[in-house]
Structures are given as structure tokens and as C-alpha cells.
Amino acid sequence: MTNCTKDHRAVFHNDFPTIGLLIESLSGSYQSGIWPGISEVAHRENYNIVCFTGGALMSSPDDPWEKQRNILYDIAEKNGLDGILLSGTLCSYVDESVIHDFVNRYINIPLVTLLPLSKDVPCVYVDNKRGMEELISHLVEEHKYTKFACIKGPANNPEAEERVKLFRDLLARHDIHPEESAFADGAFNRESGAAAVDKFYGTSCNPQFDVIVCADDETAFGAIDRLRQLGFEVPEDVRVVGFDDAEEGSYITPPMTTVAQPLKELGATACDLLIKRIRGEEIPLETILDTRLKVRQSCGCFEHSVRKTQIRKALIEAVAAKRSLNPDKLYEHISQRLINNLEMFHFDFPQLREITNAFCDDVNDQNSDSFLQTIDRIGRMKILHGSNLIKWNFFFSTLWRYILSHLDRETFSFADALLHEARIIRGDLVLRAQGYRRISANREYNFIHEIGEQISNTIDRDKLVQVIAENLPDLGLDTFYICYYNSETDNVDRSRLVLRVEEGEIMELRPCDDDFTTADLLPQDAISSGARHTIVSEPLYFHDEMFGVIYFLVDFVEYDTNIFEVLGTYISNALHSGYLIGKVEEQSRILREQNNELEQLRQKEHAYLEAIKRELELGRKIQQSFLPQEIFQPEGYSISVNFTPAREVSGDFYDVFPFDDDLVGMIIADVSGKDVSAAMFMSLVKTLLRVFSEAAYREGKSPLDSVAMVNEYVIKHHQQPRGRCMFVTMIYVVLKPSTGEFTYVNAGHNPALIYGNGEISAKLSPTAPAVGLAAGLPFAQDSAVLRTGDQLYTYTDGVTEAQSAEGEFFTIDRLVRMLTEKNYSTSKDVVDQVVEELIQFTLGTEPFDDITMMSICRKG
């Protein structure tokens with residue numbers, strides 16, 4: 001494999017190269033398992049290492065907003081790292097095309113992946129086949145199980161798919177073919193394990209399967225918990241096995257049978273290969289580590305049983321005749337058996353020598369003081385340094401098999417009793433250790449929760465920084481840095497350092513800390529350049545709000561890897577709460593300002609409306625002055641008028657005026673529109689009609705000729721080519737009172753009605769178009785007679801088009817019915833009746849149009 005090294009700028013501004021680990025988090029059993037191996041190799045080789053916990057790529061079934069964490073992968077891409085380790089588990093929920101594009105982003109940087117992600121990139125992974133073969137063989141051949149169920153891993157995850165395929169193929173070799181209903185989807189988490197159990201069992205009270213095989217341990221833990229909730233015992237009712245060998249599996253009840261991945265070795269191997277690649281050395285494209293079956297009790301086995309062949313050998317066959325043990329030979333035998341796994345037992349060679357010497361001394365002297373005291377002392381020491389002493393059972397079994405072959409029965413019995421007591425001591429130590437760990441875990445959980453509550457309840461950002469600085473060192477995290485994205489630029493390319501805590505002390509911020517490139521992680525020389533460093537980064541975000549990153553410096557700190565994400569969540573929630581409060585306060589401020597502006601606008605609007613109201617009132621009074629103050633009453637006639645404008649000013653008008661003792665002009669008209677311009681146009685037309693009518697009468701012409709004259713005048717002087725076209729409809733009647741004869745022009749107006757004796761005798765339909773439409777139009781005249789007792793009723797369309805609350809029109813038919821259903825003695829009776837009917841009809845509505853009517857009654 002040819003190396004693709006390239007010069008990259010230093011991250012820490014020191015002389016050590018830097019590796020980046022791209023991984024979804026450090027809180028899972030797989031992730032926390034590979035991290036120690038990676039960090040130890042980096043420390044041994046003097047490499048800086050930055051862990052970018054950027055969440056599952058693109059999406060996650062656990063958290064729909066987890067993709068926001070992916071910002072850390074963008075930072076890593078731009079950071080100028082010397083090499084990258086990429087955990088394949090972050091690609092669990094995306095298809096091959098997305099994986100291909102993601103890997104290619106880092107293809108020009110020395111890269112090693114954990115799991116095969118690209119045929120062109122070196123990878124390290126475990127051989128699932130060997131471990132799965134051992135597991136299936138154990139379940140089928142030793143336990144004789146035939147009814148299998150399987151909880152799968154995430155879709156599109158290559159390792160999960162391989163494990164399921166091996167499960168099917170290996171069972172097929174034994175002629176076992178589970179139905180599809182025996183498979184359930186999973187997601188490498190406890191929730192999916194519980195959901196799968198619900199699918200398998202539902203409301204059933206009887207176990208359907210001999211054993212449930214899970215694609216990973218986390219899923220198996222969830223399945224066991226759910227089975228117990230449903231009332232099933234493991235392994236008595238149903239067996240459950242996993243894959244990974246998470247540490248929790250050896251502690252739970254029952255201890256879980258699983259396939260062990262050498263996770264620490266996996267991480268260490270990947271890191272070692274990456275460093276070789278950075279240095280230009282050739283490395284293989286594939287490095288495969290073995291998996292091994294770990295038999296415990298969840299499969300139905302009893303861990304502490306002794307094989308029948310060993311019992312027969314101990315009780316029947318003639319064992320060795322020796323009565324003593326040689327310390328050197330025993331030490332040599334045991335060290336050869338444990339030499340490759342000595343670290344797993346937390347022994348060093350001097351301690352192993354001390355234990356074997358003490359055992360030989362006690363067996364040879366038939367004394368029980370030295371060996372048991374040594375076991376107790378070294379065991380307590382190992383417990384205090386974090387060992388769980390689980391591997392000691394293998395050590396005791398190795399001793400037991402040795403004495404079985406080297407001692408006579410009497411001495412063997414004494415040695416066997418010593419080992420039995422040693423196992424009891426080891427059990428007591430483990431119980432005490434587990435109790436202490438539970439108490440310590442609860443204490444630490446409560447402490448973290450207490451700190452988290454303080455953080456979550458701190459809304460002010462400046463106070464939040466102070467609370468974090470004061471409390472995190474109490475958790476052993478005494479050096480960390482908090483960076484916020486620069487909100488002024490509203491992007492994540494630039495950041496500012498807001499908190500710098502080193503060895504528990506808050507460090508003063510410098511001017512250069514206020515603005516730097518986010519991809520640099522931290523400002524220039526923010527971290528000491530004198531030593532290599534290990535950094536764990538945790539993004540600060542809430543849903544789609546991205547705040548920044550917290551960087552934990554963990555060079556010499558022992559820590560629970562879950563703590564980083566927990567603290568990041570607490571801090572993110574506090575930032576979100578502060579952000580919301582800030583938004584509320586900002587919105588309140590804006591609202592106050594807007595309310596003040598609105599009040600000022602209201603005051604201005606009120607003043608403006610009052611001014612308009614005064615102007616309109618003045619206009620109304622002026623318009624009223626154009627209308628007759630008193631209605632002229634010819635002898636033998638009564639004339640009544642109602643004028644109800646819809647607004648302050650109106651486009652309707654009427655007029656009654658005499659030319660001489662036996663000639664009277666009567667006009668009712670409606671200008672298009674209902675605004676001020678209509679009122680002004682009305683005033684113009686009314687004035688012109690009066691002036692032109694009187695001039696025509698003086699010249700011996702018909703006053704009705706004035707209608708055509710007004711039309712020509714309006715077209716010539718007041719209609720603009722691109723302006724508003726205004727016109728007026730009207731009925732102009734010239735009455736000879738002595739005879740009741742009259743001539744009229746109906747210029748596009750509603751037909752006037754002549755009625756009497758309960759019937760309509762005539763309708764005066766339009767004789768000409770409306771005034772103001774076009775020049776040169778003819779305005780024809782017609783004539784009629786108002787007989788004694790008859791009435792002439794004229795009106796504007798505001799009468800017939802008045803609407804009720806239901807949207808119904810008043811209509812001409814309703815008007816005719818009113819006029820004919822009874823005899824009216826005066827014109828006032830008619831007008832009053834129609835007005836009253838209109839008021840009732842339009843009750844609850846706003847007037848839409850001006851209402852004007854005139855009734856002329858020839859008395860009997």
C-alpha cells in the first residue's frame with residue numbers, strides 16, 4: 001500500500017503530529033471499547049489525538065437532530081490533520097453512495113477505517129465468521145437448540161448484515177431454517193432489543209423460541225430486560241446471546257454468553273497502522289482480528305461446572321504420586337499459559353511469581369496462610385486499580401488442572417480446598433468491588449446530575465460560563481475550552497473562545513481569542529506546546545440551533561466516556577434556554593418599541609382622521625347647501641323627497657325649481673361612485689343643469705335641451721383620456737301643473753313609476769344614455785300625463801339594490817308591491833312607507849349605496 005502523506009499544519013502548535021478520530025460518540029460499548037487502544041498507542045508514539053464525536057452520519061433512529069453533530073466532521077476535514085481514523089459505526093444508517101462520498105472527503109489525508117468502507121482505503125476489522133461459527137455450534141451441538149430467533153442490526157450496516165448472513169448460513173448447515181417471522185429489525189441499541197421482544201411475543205404467554213441471537217450486546221441487554229418485564233426468565237424460559245463482549249455482559253444476571261471482539265486491540269491496531277502510513281511505511285489494505293466465543297450463563301450453561309472427564313480423572317484414574325509442587329516449574333507452566341494474556345489478568349510477572357510461590361509453599365507445608373493472604377492482598381490492590389477479577393477464574397482453573405496432574409489424591413484435596421477458598425475470597429472481593437462501584441456510580445451520577453441541574457438552570461451566558469468553570473474540575477475534567485460560533489456572522493466558519501480553564505484555573509482571554517477559524521479548533525497557542533495532547537470534542541447544539549464546541553483535554557485523566565456527551569447535553573440545553581429567554585426578551589423589547597410606534601401612529605392617524613372627518617363634514621354641509629332647502633310645491637300637487645347618503649358626501653342629488661307659474665322642473669340623479677370626487681361631480685352637473693335649463697327656457701327652448709348641453713360640456717372640459725371616467729344617470733321631468741302633462745328625459749336611470757288605484761299605469765324607461773359617456777349622443781325626450789290622484793315615484797338604485805343581512809336585494813318587485821298594495825293620499829305617505837320598509841329590510845347592515853327618492857302626487 002503506497003503512502004499518501006502530505007504536509008499538514010499543526011493543530012496544537014507543537015512539534016507532534018496529530019491524528020483525528022471520527023466517531024459518532026464515546027458512549028457506546030463498541031466506541032468506548034476501541035478508544036483506550038487508540039489513545040494508548042497515540043500516547044506511546046507521541047501523537048496528538050483529537051476525537052471528533054460527530055454523531056451518526058446524516059441520520060439516527062435515536063435522535064432526529066443528531067445530524068447536527070456532523071459539523072465536527074466538517075471541522076476535521078478542514079483542520080489539516082496528519083491522519084484520520086474513521087469508525088465505520090458512524091455510517092450505520094446510510095447507503096453505500098453516501099458512505100463513498102463521505103470517505104472521499106478525506107481521501108487525500110492518510111486514512112484508516114475501522115470496518116471496510118472503501119476498497120481503496122486500508123481497514124481494520126474483526127472476523128465475524130469464527131466467533132459466529134463457535135456460537136452457533138455451541139448452541140446447536142451442545143444445547144441441541146432448534147428454534148432460533150434473530151434481532152438484526154441497522155439496515156445498510158455491512159457488519160450487521162454480515163452477522164445475519166452468517167447466522168442464516170451456519171444454521172442451514174445444521175438443516176435449521178428459521179422463518180422470516182423469527183427475524184426482527186434492530187439498531188444496535190437497547191430500545192430495538194425491547195421492541196423485537198414485543199414483536200416476537202406480543203400477548204403470548206409461552207416462549208416461542210429456544211434462543212434469541214442478537215447482532216450486538218446492547219440489543220441483547222434490551223431484550224433481556226424486556227423479557228424479564230414480561231415475566232420470562234433467562235435462561236430458564238428462553239436463552240439470549242449477544243455479540244461484542246461489552247463489559248456489562250459479565251456483570252448482568254445472568255452473565256451473558258457473547259462473541260468477544262478484541263475492541264481495545266482493534267483500536268490499537270488501527271492507530272498503529274495509521275501511524276505507519278503517516279510515516280510512509282507500507283501497510284496492508286485489510287487487517288483482520290479474530291473473534292472468540294465467551295460462554296457464560298445466558299445460553300443455558302453453568303459457568304462453574306466441571307467437565308465429567310476431569311471428575312473421572314480425579315476420582316478414578318491413578319493421579320501422580322507427588323506430594324509437593326516445584327515453584328519454578330509451576331511458575332513456568334502458568335506463565336506460559338498466561339503470557340499472551342497477562343495484562344487481562346492485571347498481573348505482572350513479579351506478582352505472578354509471588355502468587356505461585358505462596359501456593360507451592362502452602363501446599364507443600366499443608367498450610368493455608370500465605371497463599372490466601374497473598375490472593376486477598378493482590379486482589380484488593382487490583383480492585384482498587386479498576387480490575388474486575390473476572391479473568392482470575394481462568395487462572396484458578398489453570399492451577400487446578402496443573403495440580404490434578406501433579407499431586408497425589410491427599411495433597412490434591414488440600415490444594416483443591418485452597419483453590420476453593422481462593423475462589424471464595426475472589427468472589428467476596430468482586431462483590432465488595434461491585435457494591436463499591438454501584439455506590440460510586442450512584443454518587444457520581446448524583447453529582448453529575450447536580451452539576452447538570454446547576455448548568456441547565458443558568459440562563460445568562462456569562463454566568464453559565466462561570467458555573468461550568470467552577471464545577472467541571474470537580475468531575476476530574478480540569479482542562480477544557482468552550483468556543484461559540486460567531487453569531488455576528490451567522491455561520492460556523494468563525495468562532496470565539498469564551499472559556500479557557502487549565503488545571504482548574506480560569507485563564508484570562510486574549511484579544512486573538514475573540515475571532516478565529518473554527519477549523520483551527522482553538523486560537524493560536526491556546527494549548528501548551530510543550531507536550532502531546534488528547535482532546536475529546538463535544539458539539540453544543542439543540543435541534544437545529546448550533547452554538548459551538550467544547551474541547552476536553554484528557555491527557556492524564558481517568559474518566560467515564562459517557563460523561564462528555566452528558567455534559568454537552570446539559571450545556572446545550574442551558575444555551576438553548578438562554579437563547580429562548582434572549583429571544584423572548586428581544587421580542588419583548590421589539591414589541592414595546594412597536595407598541596410605542598403604533599401608539600404614535602394611532603395618535604397621528606386619529607388626528608388625521610379627525611381632520612378628514614372635519615373636512616368631510618364641511619363637504620357634507622357644502623353639498624347640502626347645493627340641495628333645495630325647501631321643496632317647491634306647485635298648486636294642486638305635493639312633492640316629497642328622502643335623501644340618505646351612504647357616506648359623509650354623496651353622488652346622488654335632486655332638485656325642484658319653477659320656470660314660471662305653470663312650468664316646474666324636477667330632477668333626481670345618481671353620479672357614478674360614492675366618494676368626494678362623485679360629490680364634486682354632482683355639484684358641477686347640478687349647477688350646469690340649472691344654469692343651462694334656465695338659459696334654454698329664456699331662449700324659448702325646452703329646458704330638457706340642457707341635458708345634451710351638460711353632456712357636451714362635461715366631455716369637453718372634465719373627462720381626461722387616461723383619467724377616471726365619471727358619468728351621471730338622471731330623470732329630468734318638466735311638468736305643466738295645470739294639465740298634469742310633462743315631458744322628460746331618462747338618461748340611463750331607473751324607470752320612474754306612475755301609479756294609482758292599486759296599479760302601475762306607466763313606467764318611464766330610459767330614453768337616452770347616461771350623461772358623460774361620449775360626445776354627440778342624442779338625448780331623446782318623451783311625454784306623459786299625471787292624472788288626478790296619480791303619483792309619480794322616482795328613485796336611485798340605492799333603493800332597489802339595498803341588501804339585507806342575508807345578502808338579499810330589495811328589488812323592483814318589492815317596491816312595486818309596496819306602491820300598489822294600498823292607496824296613498826300624499827306623497828309624504830309614500831316616501832315614509834318606503835323608508836321605513838328599507839330600514840327594517842337592511843337592519844344589521846351598513847348602507848352600501850346612497851338612497852334618494854322623490855314622489856310627486858297630483859291631488860284629487
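Residues numbered from 1 in each chain as written. Predicted model: local features only at pLDDT ≥ 70, side-chain atom pairs only at ≥ 80, totals over all residues. Heavy atoms only, no water.

A. Summary view of the sheet that holds strand S22 (residues 728-736). The 5 strands are arranged S20-S21-S22-S23-S26 in an open sheet whose pairing can be described as antiparallel. On the outer flanks of this sheet lie strand S20 (652-660) and strand S26 (782-785), each paired with one strand and no other. Strand-to-strand twist in this sheet, taken as the mean axis angle between neighbours without regard to direction, amounts to 20 degrees. Relative to S26, strand S23 (residues 741-747) is paired through 4 bridges, and the arrangement is antiparallel. Across the sheet, the residue bridging to Thr-743 is Ser-783, located in S26. The strands touched by helix H17 (residues 676-698) are S20, strand S21 (663-671) and S22; relative to S20, the strand with the most contacts, the crossing angle is about 15 degrees. (Pairing = 2+ DSSP bridges. Helix = DSSP H or I, 4+ residues; strand = E, 2+ residues; numbered from the N terminus. Axes fitted to C-alpha atoms, helices over the stretch in contact; angles between N-to-C directions. Contact = heavy atoms within 4.5 Å.)

B. Molecular detail of the packing of helix H10 (residues 327-338) against helix H13 (residues 392-406). Following both chains from N to C, one finds H10 and H13 inclined at 135 degrees, their axes separated by 11 Å at the closest point. In terms of orientation, H10 and H13 fall into the oblique class. Considering how the two elements wind past one another, H10 and H13 form a crossing that is right-handed. Of the residues in H13, those touching H10 at Lys-329, Leu-330, His-333, Ile-334, Arg-337 and Leu-338 are Phe-394, Phe-395, Thr-398, Leu-399 and Tyr-402. Class assignment for the residues of the contact of H10 with H13 results in 7 nonpolar, 2 polar and 2 charged. (Parallel < 35°, antiparallel > 145°, perpendicular 65-115°, else oblique. Left-handed = near helix turned anticlockwise from the far one by under 90°. Nonpolar A, V, L, I, M, F, W, Y, C, P; charged D, E, K, R; others polar.)

C. The arrangement of helix H15 (residues 461-471) in detail. For H15, every residue scored as buried is listed here: Leu-464, Val-465, Val-467, Ile-468, Ala-469 and Asn-471. The residue sitting at the N-terminus of H15 and contributing the capping side-chain oxygen is Asp-460; that oxygen lies 3.1 Å from the backbone nitrogen of Asp-462. (Buried < 20%, exposed > 50% of the residue type's maximum accessible area, 1.4 Å probe, protein only. Polar contact = N/O pair within 3.5 Å; in protein donor to acceptor, adjacent residues only side chain to side chain.)

D. Region of interest: the nonpolar core. In this structure, Ile-19, Leu-85, Ile-455, Ile-468, Leu-499 and Phe-552 are the most contacted members of the largest nonpolar core, which totals 58 residues. Counting residues per element, this core draws most heavily on helix H8 (residues 263-278), which supplies 8 residues. In this view, Phe-552 contacts Leu-472, Leu-477, Thr-479, Phe-480, Thr-534, Ile-535, Val-536, Glu-538, Phe-564 and Leu-567; residues no more than four positions away in its chain are not counted. Counting 50 residues, the second-largest nonpolar core is a separate cluster that includes Tyr-637, Tyr-654, Ala-678 and Ile-754. (Core = buried A, V, L, I, M, F, W, Y, C linked by side-chain atoms within 4.5 Å.)

E. Quick peek at the packing of aromatic side chains. On inspection of all chains with the given rule, the structure shows 20 aromatic pairs. Ring centres of Phe-395 and Phe-396 lie 5.7 Å apart, and the angle between their planes is 50 degrees; this geometry places the pair in the tilted category. Accessibility assignment for this pair places Phe-395 and Phe-396 in one class, buried. Site record: aromatic cluster; members linked through ring pairs are Phe-200, Tyr-201, Phe-209 and Phe-232. Note that Arg-353 overlies the ring of Tyr-331, its terminal NZ or CZ placed 4.1 Å from the centroid. Note that Arg-814 overlies the ring of Phe-810, its terminal NZ or CZ placed 5.5 Å from the centroid. (Phe/Tyr/Trp six-rings, centres within 6.5 Å; stacked < 30°, edge-to-face > 60°. Lys NZ or Arg CZ within 6 Å of the ring centre and 35° of its normal.)

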